[in-house]
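Letter by letter, the chains look like this.
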Amino acid sequence: MSGRHFLQIPGPTNVPERVRLAMDRAVPDHRGPELPDLTREIVSGLRRVFGSERGEIALFPGSGTAAWEATLVNTLNPGDRVLSFNIGQFSHLFAECARRMGMVVDEVELEWSGGVPASEVEDRLRSDDGHEYRALLVVHNETSTGVTSDIAAIRRAIDAVSHPALLLVDTVSGLGSLDFRFDEWGVDVALTGSQKGLMLPPGMGMVCIGERALRRSEEVTTARYFLDWRPVLNQMHAGYFPYTPATLHLFGLREALRMLQEEGLEQVFARHARLAEAVRRAVPHWGLNIFCRNPSEYSNTLTAVQVPADADSDEVLRAAEQINLSLGTGLGRLKGRIFRIGHLGALNELEVLATLGGVELALHHCGIPIQFGRGVGAAQEFLAAAVRGAPVLAAD
Ligand SMILES: *Cc1c(COP(=O)(O)O)cnc(C)c1O
């Protein structure tokens, strides 16, 4: 097929040319003189994106899943109680990872179409008089449903009952696209992967670690070797790594962080809000519903769209593939019921409009009755107004 492939799944995302070119170079000596400056720039760039002045940054070859495991094995012992909220496939798997590490997980079942309600956090922690919960697992942006949880409100709920549990936050599909305030929100560990908002190929997991979590990692006795962040931090302070790092990814990461910095994080977040709203404006014009039920929890990095009960969303995906467009599938219990449009990372207005045009073709191909151009037109109308400087408001 001619032209480029539209990778509009919610990660991996499209790798911008600048990042690809930065990675297209000879592999350096990872113990050589180039490394310290590279590592230092990455650490300070990632701190800015995490919203942390002094958070410790540890990098691991791997992916978001490795970052889950690193977060858990460094802060918890087998047998420790943790509280988690099942609001989608990723929050469920984060809990499952903890269970496999031997932690005792209370997984609160909630509606998948919403986020983690702060009131629920407060109630659960209030009834834990003995402070048995050692940590809370929260997914900032639930990629299986397109729902963002309010981490600041969750922190306020924890503080309202003065509970000492660590706040461990997965922001794999949020960081670099959505505002994240590690320090201000009192997050203890935030984790991400390379292939979503950070615009790199898959292959790296990153964690930002606060003081309390750092102290905890000195006390826990959980077996860990590769994912032990203590030697990683030790070496990274000098600009090196205790393992062979994914060196070419490091060059790509430095370039991606420079791009975010040049655009300005505020502008990056505003762009994601604008493009996300354009996508959302299209959905009702297809006669379909956005899966997330609360507009204040709409994710600005992806939109999950429900198909009619008698349709199979995987057929929409297959039709989209025919025109060189990849959309996200329904995960877990949402298989066949939704498709997901990724709108994060390196992305602009024209790419969003092309994607929406492609979705219309795919829906039509599957016999879902739509009028061509209605969704695209609604997105264009919104973008035309947004370009003129109108504020970005969630659709009612
Ligand atoms: C993608 C993703 C993960 C898993 O990351 P991998 O890089 O696929 O291992 C975890 N959590 C969330 C919210 C994600 O979007």
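1. Looking at the overall build of the protein chain
No. 1: For the protein chain, the helix and strand inventory stands at 13 helices and 14 strands.
No. 2: Taken against the 2.2 N^0.38 rule, which gives 21 Å for 396 residues, the C-alpha radius of gyration of the protein chain at 21 Å falls within 12% of a compact globule.
No. 3: In terms of principal-axis extent, the alpha carbons of the protein chain reach across some 60 × 55 × 35 Å.
No. 4: Summing over all exposed atoms, the protein chain offers an accessible surface of approximately 16000 Å²; the carbon and sulfur share of this is 50%.
No. 5: Across the protein chain, the 38 positively charged side chains and the 49 negatively charged ones have centroids separated by 2 Å.

2. Structural notes on the sheet that holds strand E9 (residues 189–193)
No. 1: Strand order in this open sheet of seven strands is E2-E10-E9-E8-E5-E3-E4, and the pairing throughout is mixed. Looking at the sheet topology across the chains shown, the edges are occupied by strand E2 (56–61) and strand E4 (104–109). When strand polarity is set aside, the average angle formed by the axes of neighbouring strands in this sheet is 20 degrees.
No. 2: For strand E3 (residues 81–86) and strand E5 (residues 133–139), the ladder comprises four bridges, and the chain directions are parallel.

3. Description of the site of the ligand
No. 1: As a matter of local geometry, the ligand sits amid 13 residues, with Ser63, Thr65, Thr143, Asp170 and Lys196 nearest to it.
No. 2: Within the side chain of Ser63, an N or O atom sits 2.5 Å from an oxygen atom of the ligand.
No. 3: One of the side-chain N or O atoms of Lys196 is found 2.6 Å from an oxygen atom in the ligand.
No. 4: Isolated, the ligand exposes 370 Å² of accessible area, and the fraction of that covered by the protein chains is 88%.
No. 5: Ranked by residue count, the leading element in the shell around the ligand is helix H3 (residues 64–75), at three residues.

4. Here's the deal with the packing of H3 against helix H4 (residues 89–100)
No. 1: For the pair H3 and H4, interaxial distance at closest approach is 9 Å and the crossing angle is 45 degrees. Classed by the angle they form, the pair H3 and H4 counts as oblique. Regarding H3 and H4, the two cross each other, and that crossing is right-handed. Here Trp68, Glu69 and Leu72 of H3 come into contact with H4, specifically with Phe90, Leu93, Phe94, Cys97 and Ala98.
No. 2: Residues of the contact of H3 with H4, tallied by class, amount to seven nonpolar, no polar and one charged.

5. Some remarks on the domain arrangement of the protein chain
No. 1: As far as domains go, the protein chain holds domain 1 (17–261) and domain 2 (264–388).
No. 2: For domain 1 versus domain 2, the distance between C-alpha centres works out to 28 Å.
No. 3: In this complex, domain 1 contributes 29 residues to the contact, which on the side of domain 2 involves 24 residues.
No. 4: Between domain 1 and domain 2, roughly 2200 Å² of surface is buried when both sides are summed, and carbon and sulfur atoms account for 60% of that area.
No. 5: Contact with domain 2 buries area across many residues of domain 1, yet Trp112, Ser113 and Ser177 alone supply 24% of it, more than any other trio.
No. 6: Seen at the junction of domain 1 and domain 2, the total is one salt bridge.
No. 7: At the boundary of domain 1 with domain 2, the tally comes to eleven residue pairs in polar contact (both at pLDDT 80 or more).

6. Describing the side chain of Glu142
No. 1: Mapped onto the secondary structure, Glu142 falls in strand E6 (residues 141–142).
No. 2: For the buried Glu142, which has no salt bridge, the nearest side chain bearing the opposite charge is Arg340, at an N-O separation of 7.0 Å.
No. 3: Apart from residues no more than four positions distant in its own chain, Glu142 is found in contact with Ile87, Gly88, Gln89, Phe90, Ser91, Val147 and Leu302.

7. Some points on the packing of aromatic side chains
No. 1: This model, assessed by the stated rule, comprises six aromatic pairs.
No. 2: Residues Trp68 and Phe94 carry aromatic rings whose centres are separated by 5.6 Å and whose planes lie at 10 degrees to one another, so their mutual orientation is stacked. A residue pair is termed long-range when its members are at least 10 positions apart, and Trp68 in helix H3 and Phe94 in helix H4 qualify at 26 residues. The two residues Trp68 and Phe94 agree in class, both being buried.
No. 3: Cation over ring: Arg4 sits above Phe6, and NZ or CZ is 4.0 Å from the ring centre.
No. 4: If you follow Arg333 out to its NZ or CZ, it ends over the ring of Trp112, 4.0 Å from the centre.

8. A few points about the layout of surface pockets
No. 1: Estimates place the volume of the second largest pocket at around 240 Å³.
No. 2: What lines the second largest pocket is a set of 14 residues, and nearest its centre among them are Arg54, Gly55, Asp183, Gly210 and Glu211.
No. 3: Residues belonging to the lining of the second largest pocket are distributed by class as follows: four nonpolar, three polar and seven charged.

9. Digging into the pattern of salt bridges
No. 1: Applying the stated criterion across every chain, the model contains 29 salt bridges.
No. 2: Note that Glu351 and Arg4 form a salt bridge whose closest N and O atoms lie 2.7 Å from each other. Of this pair, Glu351 sits in helix H12 (residues 349–365) while Arg4 sits in the segment before strand E1 (6–8), placing them 347 residues apart in sequence.
No. 3: Here the residues in one salt-bridge network are Glu96, Arg99, Arg100 and Glu107, joined through shared partners.

10. Brief notes about the sheet that holds strand E11 (residues 289–290)
No. 1: Taken together, the three strands give an open sheet; going across it, the order is E11-E12-E14, and neighbouring strands pair in antiparallel fashion. Sheet topology places E11 and strand E14 (338–342) at the edges, where each strand pairs with a single neighbour.
No. 2: Relative to E14, strand E12 (residues 302–306) runs antiparallel, the two sharing five bridges. Within E14, the position partnered with Gln306 by the bridge is Ile338.

What counts, and where the lines are drawn
- Residues numbered from 1 in each chain as written.
- Predicted model: local features only at pLDDT ≥ 70, side-chain atom pairs only at ≥ 80, totals over all residues.
- Heavy atoms only, no water.
- Helix = DSSP H or I, 4+ residues; strand = E, 2+ residues; numbered from the N terminus.
- Rg over C-alpha atoms; globule rule 2.2 N^0.38 Å.
- Areas by Shrake-Rupley, 256 points an atom, 1.4 Å probe, with all protein chains shown as cover.
- Lys, Arg positive; Asp, Glu negative; His and termini not counted.
- Charge placed at Lys NZ, Arg CZ, Asp CG, Glu CD.
- Pairing = 2+ DSSP bridges.
- Axes fitted to C-alpha atoms, helices over the stretch in contact; angles between N-to-C directions.
- Near = heavy atom within 4 Å.
- Polar contact = N/O pair within 3.5 Å; in protein donor to acceptor, adjacent residues only side chain to side chain.
- Parallel < 35°, antiparallel > 145°, perpendicular 65-115°, else oblique.
- Left-handed = near helix turned anticlockwise from the far one by under 90°.
- Contact = heavy atoms within 4.5 Å.
- Nonpolar A, V, L, I, M, F, W, Y, C, P; charged D, E, K, R; others polar.
- Domains from an automatic or database assignment.
- Buried area = accessible area lost by both parts, 1.4 Å probe.
- Salt bridge = Lys/Arg side-chain N within 4 Å of Asp/Glu carboxyl O.
- Buried < 20%, exposed > 50% of the residue type's maximum accessible area, 1.4 Å probe, protein only.
- Phe/Tyr/Trp six-rings, centres within 6.5 Å; stacked < 30°, edge-to-face > 60°.
- Lys NZ or Arg CZ within 6 Å of the ring centre and 35° of its normal.
- 1 Å grid on protein atoms, 1.4 Å probe; cavity = no way out; pocket = protein on both sides within 12 Å on 5 of 7 lines; lining within 4 Å.
- Points joined across faces, edges and corners; volume = space filled by probe spheres on them.

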